[in-house]
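Here's the letter readout for the chains.
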Amino acid sequence: MPGLLLEKEPEIVPLPPKVPEYGFVVFHQSVELDIDFTTQSLTGRVEITILPQSKDLRTIKLDARQCTIPQNKVLVNGAAATHTYEDRFKGLEIPEYFHWAAEQHEMQKGRLKPLLDDTRGNGDLVITLPENFRVEEVDPFSESAASALAQRAVGAVARIQSIIGEASGVVGTPKTAVEQSVRFQPLVISIPFAITKFREGLHFVGLKEGDARFPHVYTKHHMDPGVASCIFPCVDDPAMRCTWELSIRCSRTLEDALKRHSAKDAKTMQQSKKTQFHGIVKGSQEVEEYEFPLNNDEKLLEMVVVCSGDQTNEDIDLDDSTKKIVKFTCGTEVAAQHIGFAVGPFEQVDLAEFREDEDDEKLGSAQSVPIFGYCLPGRAQELRNTCLPMAHAIDWFSLKFGSFPFPFGYKMVFIDDQISDVEHTASLSLCSTRLLFPEAILDPLEDNYRILAHAVASQWIGVNIIPSQKADRWVVVGLSHYMTALFMKALFGNNEFAFRQKVLADRLVELDINRPSLHSLGETLHLGSFEYDFMALKASLVLFILDKRIMKAQGSTGMDRVITKLFFAANTNSETVLSTESFRKSCERYTKYRATEPFWNQWILNAGCPRFSVAQKMNKKRLCVEMTISQKQDTLPTQRTLEKGSFLREFKEEINGVYAGEIQPVFQGPLTIRIHEADGTPYEHIVELREGVGRFEIPYNTKYKRLKRSRRAKERANATAGADIIGDNHEDVLIYCLGDVLQSQDEVREWGLQDWDAETETRMDLESYEWIRIDSDFEWVCEKSFLSMPSYMYVSQLQQDRDVVAQQESMMFLKAMPAHPLAATFLIRTLDDRRYFHGIRTMAAECLAKQATVETNWLGMKQLEKEFHKLFSYEGDVVPRPNDFSDRQSYKIECIIPEAMAKIRDPYGKCPRHARQFILDLLNFNDNEANDYSDNFKVARLLTALTESLLPVKASRNELHFGDDDEDDEPKQFLISVIEALDRYGRMDEWIESYHNIYTVTVLECKKRLMKAGVIPINPLEFAQHLHGGTSDEVRLKAFEAFSDLGLLKNGAISSLLLNVLSTDPSPYVRKRLFEIFCSGLAIIAFGENKMAEATTTAIEPDTLIIEQEASLEARKAHIARTTTIDGALTALREELQGDPKLKDALWKAVSSPLITLSEQTDLLDICWILYEPKDCMLITMQYPRYWAAENLGKGQIVFRRTEKVRTIPRKKLKTTKAISAPNPMPVPPTVAPIRLAVPGAMKPPKRPHPQEGPQTSKLDGQPLKKKILTLKLHNKAKLEEITKSPPNPTQVRGKSASYQGSPAPKASPAPKSSLKVSASPTPQKPPESPVPAAVPAAGPAVVKARKPLPESRKPLPDSAPNPATKKPSIVLKLKTNKLPSKSSPSL
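Residues numbered from 1 in each chain as written. Predicted model: local features only at pLDDT ≥ 70, side-chain atom pairs only at ≥ 80, totals over all residues. Heavy atoms only, no water.

**Student:** Can you tell me about the overall build of the protein chain, naming the residues and giving the values?
**Tutor:** Secondary structure summary: the protein chain contains 42 helices and 38 strands in total. Going through the 1388 residues of the protein chain one by one, you find that 49% of them count as buried. Residue pairs in contact within the protein chain that sit at least 24 positions apart in sequence constitute 76% of those at least 6 positions apart. (Helix = DSSP H or I, 4+ residues; strand = E, 2+ residues; numbered from the N terminus. Buried < 20%, exposed > 50% of the residue type's maximum accessible area, 1.4 Å probe, protein only. Contact = heavy atoms within 4.5 Å.)

**Student:** Explain the packing of aromatic side chains to me, using residue names and the numbers behind them.
**Tutor:** Applying the stated criterion to the full structure yields 40 aromatic pairs. Consider the rings of Phe404 and Trp460, whose centres lie 5.2 Å apart with planes at 80°: the pair is edge-to-face. With a gap of 56 residues between them, Phe404 in the loop between helix H10 (390-401) and strand E19 (410-415) and Trp460 in helix H11 (residues 445-460) connect regions that are remote in the sequence. Accessibility classification places Phe404 together with Trp460 in one group, the buried group. Taking 6.2 Å as the distance between ring centres and 55° as the angle between the ring planes, the aromatic pair formed by Phe599 and Trp600 counts as tilted. Across the pair, exposure class does not vary: Phe599 and Trp600 are buried alike. Three or more aromatic residues joined by ring pairs make a cluster, and in this case those are Trp396, Phe397, Phe401, Phe404, Phe406, Phe408, Tyr410, Trp460, Phe487 and Phe567. It is Arg549 that lies over the ring of Trp780; its NZ or CZ is 4.5 Å from the centre. (Phe/Tyr/Trp six-rings, centres within 6.5 Å; stacked < 30°, edge-to-face > 60°. Lys NZ or Arg CZ within 6 Å of the ring centre and 35° of its normal.)

**Student:** Give me the side chain of Asn619: which residues, what numbers.
**Tutor:** Mapping Asn619 onto the fold places it in strand E24 (residues 611-619). By relative accessible area, Asn619 is classed as buried at 18%. Polar side-chain contacts of Asn619 include one of 3.2 Å to the backbone nitrogen of Lys621. Among the polar contacts made by the side chain of Asn619, one reaches the main-chain amide nitrogen of Arg622 at a distance of 3.2 Å. Those residues in contact with Asn619 that lie beyond four places of it in its chain are Cys624 and Glu626. (Polar contact = N/O pair within 3.5 Å; in protein donor to acceptor, adjacent residues only side chain to side chain.)

**Student:** Tell me what's going on with the state of the cysteines, and back it up with residues and numbers.
**Tutor:** Applying the stated criterion across every chain yields a total of 0 disulfides. Left without a disulfide partner, Cys387 is nearest to the cysteine sulfur of Cys431, which lies 6.7 Å away. Judged by its relative accessible area of 0%, Cys387 is buried. (Disulfide = S-S within 2.5 Å.)

**Student:** Explain the confidence of the model for the protein chain to me, and be specific about the residues and the numbers.
**Tutor:** Here the protein chain shows a mean pLDDT of 80. Residues at 70 or above account for 75%. Segment residues 1219-1223 is flagged for pLDDT under 50; beyond a separation of four residues in sequence, or across chains, it makes 7 contacts in the model. Predicted confidence for residues 1289-1388 stays below pLDDT 50, and this span has 172 contacts to residues more than four positions away or in other chains. (pLDDT = per-residue confidence, 0-100.)

**Student:** Just give me the short version of the environment of Ser517, but keep the residues and values in it.
**Tutor:** Take Ser517: it is sitting in the loop between helix H13 (494-511) and helix H14 (518-521). The spatial distance from the C-alpha of Ser517 to the C-alpha of Ala660 is 7.7 Å, given a sequence separation of 143 residues. Excluding residues within four positions of it along the chain, Ser517 makes contact with Ile604, Leu605, Asn606 and Ala607. In this structure the side chain of Ser517 is engaged in a polar contact, spanning 3.0 Å, whose partner is the side chain of Ser520.

Quick look at the structure:
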């Protein structure tokens, strides 16, 4: 038994998250900014008001990146304070003397580690309070303690205390608000700064050569801290929230903003900025030269400043009439990362004009929130159409959940090049211009409305309310998307909402395999947008099913009440921090629902979705339905085929150690079972799932026999007699069930319809119930499969259940059924019935394509064609009518039928001729002249359908031909017609630009697919012509995507071109998309798709019989490994590409680009990690020493200066000294020409060399080397005698004391195997100490030289190396010298 106790592993208790320690609280910050468009620079000043939390506060640490802060200009309460500033962002720049390559990726990662770590409370800017400065206490009962300043501090301190308490696991409450807030006098810190080069923080648009867009600038944002400090010094911590004042100085007009300066004037202004750096530069005289080409109207465009907060003032600068100063205030406390602005020639649109009268009456004029939209010139009409429902959205959220947190108004500004569609800041949403669409465009309407509605919802939850820790982000993300879904439900209807929720739930079941839990996912959002997308998908669905369970258990109170209470507390009590546990307690408190703990454990703290397998049986003796529900989520296959779209996520999670959550064998909770019994009445039964296999007996209620089919048919006929169910009055017609169209004998014969046979009718009459639904109330996100429910029950559910979710489940069953005329009958009736939701009708059209087979005599194809002509062609003719998209549901059906026709295949894997010609005729007869809406998307979908019809599906191995006769020339002629159509529409964008160049993008996509399938030969020039400058971003990206998907990244020239654009393009959106495309191309190479394509497209002579042989066992194993495991894929990718020198050089040039951001460089270094083994050595270039000149000024003053003359040989010949023989001398290694730096581990400083390492003598070109002896003045003779009398100790190495500050020592004599410390920092470093040989026992008497002790402190010489106590830390490398360079060597 004791042995068992020894084998038991101790329980690992996770450490609490790091709590930043500041020593103060920020509650107000004032920011002054001066933006210069011509130089793309920023100067300014910040004033941060803090409340000390301790009397002993001596240093203040703030966050600041990529800026310059002048010395002696930082003020604390008006007094100058010393500061130290080390910009960690310089780690992105690789020094020129580092000859690194892709193998040194680990070294660069080591340099970036300080930027990637949590720097909260450990900022780069450290301000030391003056020595005579004291933090003064305040009488809490004095008048000053009750000032408005102290009142604002109450919420700040309470918030910090609550965050610290939640992070440490102990909720701490301050003693009293007054005591905590006004114990000490506030301090005002003033910091001037300037930024001349932006990697992060701000983005300028339209200022590059050849960029014809309107110039503007805007802030960049990220969920993690670190971006706000790239714009101005602050405390870049989401928990440190305060009020704000912002003053932005910019040019008045576009003409003023684009004036350039002459070279002489620019130099004068630069010097002026240096001398006046303590404030914003004013009064500079500009020379109006080299203006950008602007017409007169463009020159007069007013520069508009859109910023977080309420605009309070806008004045012309008194010192420079071409400038203006705009001021804003934000009285709501927000974090620095939620302060944003944009400056440009924007047009303002008042979106309140679209506010509905009903909402205005309910809110009242006092509660109505002003809402404005801003866009670049010429796009105001697009903005009105895009933001049409936004006023209704903000009113709807205010009425349902609480008042808007920023009462001064809400603004939306649309800018170019933004990576994400929307960035959320206080009272301002920065939206991408990709979201704008004109009134004539229909397709992006729903998606763009949803994105913008989420931007509005994020103002309540996401900006005003923030997560406590990273692990709590799912609450904020989930609530904002859940609120958005509720608004879209009110906007588009219940069916649209329910159908989309069901589709998303099915998608989540597919994705939530080997993924982390929601709670742990918050730590990995920085890896990529794929993690955020998964969190948004799952978190909103989890809250949706939680609302369903609360509503069923407690009645009317659901998540709406919880959200309302949270917003009320945030607006009144400043409770703006939300954690997972506090949210759970809020759900219990406000809804009285007590089952939140098991729900949290299953859906939030653990991963995966349940998969139910249901078996039912009617027990007539006991008059009950016996049901067995089994959970099968733990029986999923362990190996899944990797997908190209998930490769980026897979290798990112592999690198960062993100592991899947543990599979839950059992999900517990209530489950609703609805049985539609024989009399048509639905009966609901709630069972509790507690085990993996649950057996339940559901009571049966109906005592009458099931109605006969013949009798039901008569009732249908009577109900629909004389009624036009296809007309506009279909909603008022009393019907028996859906899908009861095409019932006449002529229609049945014309459409080839069939009904149930007699045997099936008999079985249906004997059934005791119509159908059974599991989870009828949508309380689970799960997969459900019935083992024994017959097909006619699914048909009954499709036709008689009004719930669109039930109809979707029936359609999923029919989609999996084999081709049969009976299935085609129900599908075409579903497609023809307008009472069905359009999503169900489109699913029916897609399913009909599978019913078009030889066995069914192509019934599905005929029915699809007939349905199209019935709905969209002239009566009695096959010629389609002109386009009319006024009915959006009909428009969706009109687009889906050709796409379904294109997926029909004959037994040989090709699309039938009739189906192909049908699609081509639709394209040729397309007429959009009388239509009010654009047909861009319809034409694009027809081109895609034509391409789909040409793609062959792999036929059976036993087939020797593909169906078409060899003498038939129709396929070739059809291919020529399709290529001509593609080229025709591809040229149309050159004359009339389509929406987002969709014609050109679609043509490139179609040609890429044809090339990849081997239908047409691969021609890279087809895509390369679209890569020149001036081409739209979407077209360029599609061209690069074609290179990637065709496997052309193995070509060094193409991969180098992609990486070059990836690292030099000024648009961050293009760079991000190109990186995703590059990873997609790497996935294709890793999976071996190009090799399989080469094997299948090998040139084959005509009339040749092909005999396929099975691949070898080893090759099959390798293929399985590279396509099912990420390790196998990465190994295969490394073998494929590591020998390509062009790719390696291009990859490292991309890493060294001065334009990329921190996250982009990290992504590229991850690619280097995949392809190349890390090396711990490198080449460096060191400068020759220069001569120094000294000038004696008299009176003991000597001035030293460095000259331009360099020294390539020693000034004096060095004397050689006889090396002390070592007991076991090491052999001299073979000589190698270059000097290499060996870096053990991740750039760790080497240990101090042992005195006995290596011989101490060497020769340089035959010349003996000398030791340089430094003679120092003797201060302590007693110490010298003590040292000389002490016995030698060869094994003891004397260590340096902590207080020791060594002076620069002379350089040690080089040796074939010696160790030399050099600094890897560009700053001058202190030369290393020469090792002192230790005394060793020898045969003869050893001569011991007396060493004079060094003085305790020495004054440094002018321009000498800085004191180690004050110099910046640098990386110390260990130099391994294998061969000494010659005298003519350009570097050491």
